[in-house]
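Structural characterization, general
The lines below spell out each chain.
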Amino acid sequence: MGTDIRAGERVLVADDDAAVRRSLERGLRLEGFSVVLADDGRGALAAVRDGPPDAVVLDISMPGLSGIEVCRTLRAEGDDVPVLMLSALDQLADRVAGLQAGGDDYLVKPFALQELVLRLHALLRRRPPAATGQVRAGALVIHPATREALLEGAPLTLTRREFALLEVLARNAGLVLTRDQLLDRVWGYDFEVRTDAVDTFVSYLRRKLEAGGRPRILHTVRGVGFVLRDDRAPTGGGR
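Residues numbered from 1 in each chain as written. Predicted model: local features only at pLDDT ≥ 70, side-chain atom pairs only at ≥ 80, totals over all residues. Heavy atoms only, no water.

Considering the environment of A211
- Summarising the element assignment, A211 is placed in the loop between helix 8 (197–209) and strand 11 (218–221).
- Counting along the chain gives 55 residues from A211 to L156, while the straight-line C-alpha distance between them is 9.8 Å. (Helix = DSSP H or I, 4+ residues; strand = E, 2+ residues; numbered from the N terminus.)

Points about the layout of surface pockets
- Taken as a whole, the second largest pocket spans an internal volume of roughly 230 Å³.
- Lining the second largest pocket we find 15 residues, and of these D80, R147, L158, T159 and R160 sit closest to its centre.
- Looking at the lining of the second largest pocket, the elements with two or more residues in it are strand 8 (148–151) and helix 6 (160–171).
- For the lining of the second largest pocket, a count of residues per class yields 5 nonpolar, 4 polar and 6 charged. (1 Å grid on protein atoms, 1.4 Å probe; cavity = no way out; pocket = protein on both sides within 12 Å on 5 of 7 lines; lining within 4 Å. Points joined across faces, edges and corners; volume = space filled by probe spheres on them. Nonpolar A, V, L, I, M, F, W, Y, C, P; charged D, E, K, R; others polar.)

Notes on the nonpolar core
- Ranked by size, the top nonpolar core spans 54 residues in total, and within it L58, L166, L182 and L228 carry the most contacts.
- No other element matches the 7 residues that helix 8 contributes to this core.
- In this structure, L58 is in contact with A14, A44, G67, V70, C71, V83, L84, M85 and L86, ignoring residues within four places of it in sequence. (Core = buried A, V, L, I, M, F, W, Y, C linked by side-chain atoms within 4.5 Å. Buried < 20%, exposed > 50% of the residue type's maximum accessible area, 1.4 Å probe, protein only. Contact = heavy atoms within 4.5 Å.)

Examining the packing of helix 6 against helix 8
- Viewed as axis vectors pointing N to C, helix 6 and helix 8 meet at an angle of 85°, and their least axial separation amounts to 10 Å. In this view, helix 6 runs roughly perpendicular relative to helix 8, as classed from their interaxial angle. Here R161, E162, L165, L166 and L169 of helix 6 come into contact with helix 8, specifically with F201, V202, Y204, L205, K208 and L209. (Axes fitted to C-alpha atoms, helices over the stretch in contact; angles between N-to-C directions. Parallel < 35°, antiparallel > 145°, perpendicular 65-115°, else oblique.)

Topic: unusual backbone geometry
- A cis amide bond, omega -5°, links K109 with the succeeding residue P110.
- Secondary-structure assignment places P110 in the loop between strand 5 (105–109) and helix 5 (113–125).
- Unusually for a residue other than glycine, R147 sits at a positive phi of about 55°.
- Tracing the backbone shows R147 in the loop between strand 7 (140–143) and strand 8.
- The class of R147 is partly exposed, set by a relative accessible area of 35%.
- One non-glycine residue, E152, lies in the positive phi region at around 55°.

Quick notes on the pairing of strand 3 (residues 55–59)
- A large share of strand 3 lies buried, amounting to 5 of its 5 residues.
- Going residue by residue along strand 3, you find A55, V57 and D59 tucked away on one face and V56 and L58 tucked away on the opposite face as well.
- Pairing analysis gives 4 bridges linking strand 1 (residues 10–14) to strand 3, with the strands arranged parallel. Paired with A14 across the two strands is L58, which belongs to strand 3.
- One ladder, built from 4 bridges, connects strand 3 with strand 4 (residues 83–88); its direction is parallel. Following the sheet pairing, V57 is matched in strand 4 by L84.
- You can see the chain leave strand 3, run along helix 3 (residues 67–76) and come back into strand 4, and the turn it takes is right-handed. (Pairing = 2+ DSSP bridges. Right-handed = clockwise from strand over helix to strand, strands pointing away.)

Comments concerning the sheet that holds strand 5
- Spatially, the 5 strands line up as an open sheet ordered 2-1-3-4-5, and their pairing is parallel. Edge positions in the sheet fall to strand 2 (34–38) and strand 5, since each has one partner strand and no second. Adjacent strand axes in the sheet meet at a mean angle of 20° when their direction is disregarded.
- In the packing of helix 5 onto the sheet, contacts are made with strand 1, strand 3, strand 4 and strand 5, and the angle to strand 4 comes to roughly 150°.

Notes on the sheet that holds strand 12 (residues 225–228)
- As summarised here, the arrangement of the 3 strands in space is 10-12-11, forming an open sheet in which the pairing is antiparallel. Of all strands in the sheet, those bounded by a partner on one side alone are strand 10 (177–178) and strand 11.
- Two strands pair when backbone bridges link them, and strand 11 and strand 12 are joined in this way by 4 bridges, in the antiparallel orientation. Bridge pairing in strand 12 links H219 to V227.

Pasting the structure below:
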């Protein structure tokens, strides 16, 4: 698989397991990345502030300052660095919390190094592009330049990944997008990968879009994918 990643992209790996750190450092260096290590959450924040990385591989369950708290702190400070969360198999609640804190993707331990590398390449390819004009889809208005989204005039509080997913759906309002299409356009995956990330983020978006009793505009087309459609008004993604 070809990539467009520049040689020496800087990746911060934060994990309290020394064996995991050693394995990822060795594997990522062989893939051409420059690797910085941290063994806890405070060390991760210090490393980011010392020399901003191009991406972060962040273990959720670290003692002291957890990966979730690290990610939340980075986002609160306005740091948009792509974050790939690592989680244990039996910690679904932590994975959900990590994504809600602003994580871009996650891998469950144990994982194959090749998949982690592919996901990193995807995240790095999908760094935010230059913002384009306003997008309208029924009662939804999106301002890419400021990353603001309004539904029926009320602002939506969205993570970076939720915003990216909503923008893609809005630009294609009325069209059914498959999970594979969304993985490619939002996450940058152009390889076969098993993930429930799309369904997870769709559920997050629905919760926010339907808050206060608002009608559903993000629909599931069984066996196909998802579509943004406001049945009360004409839809159409615009720029």
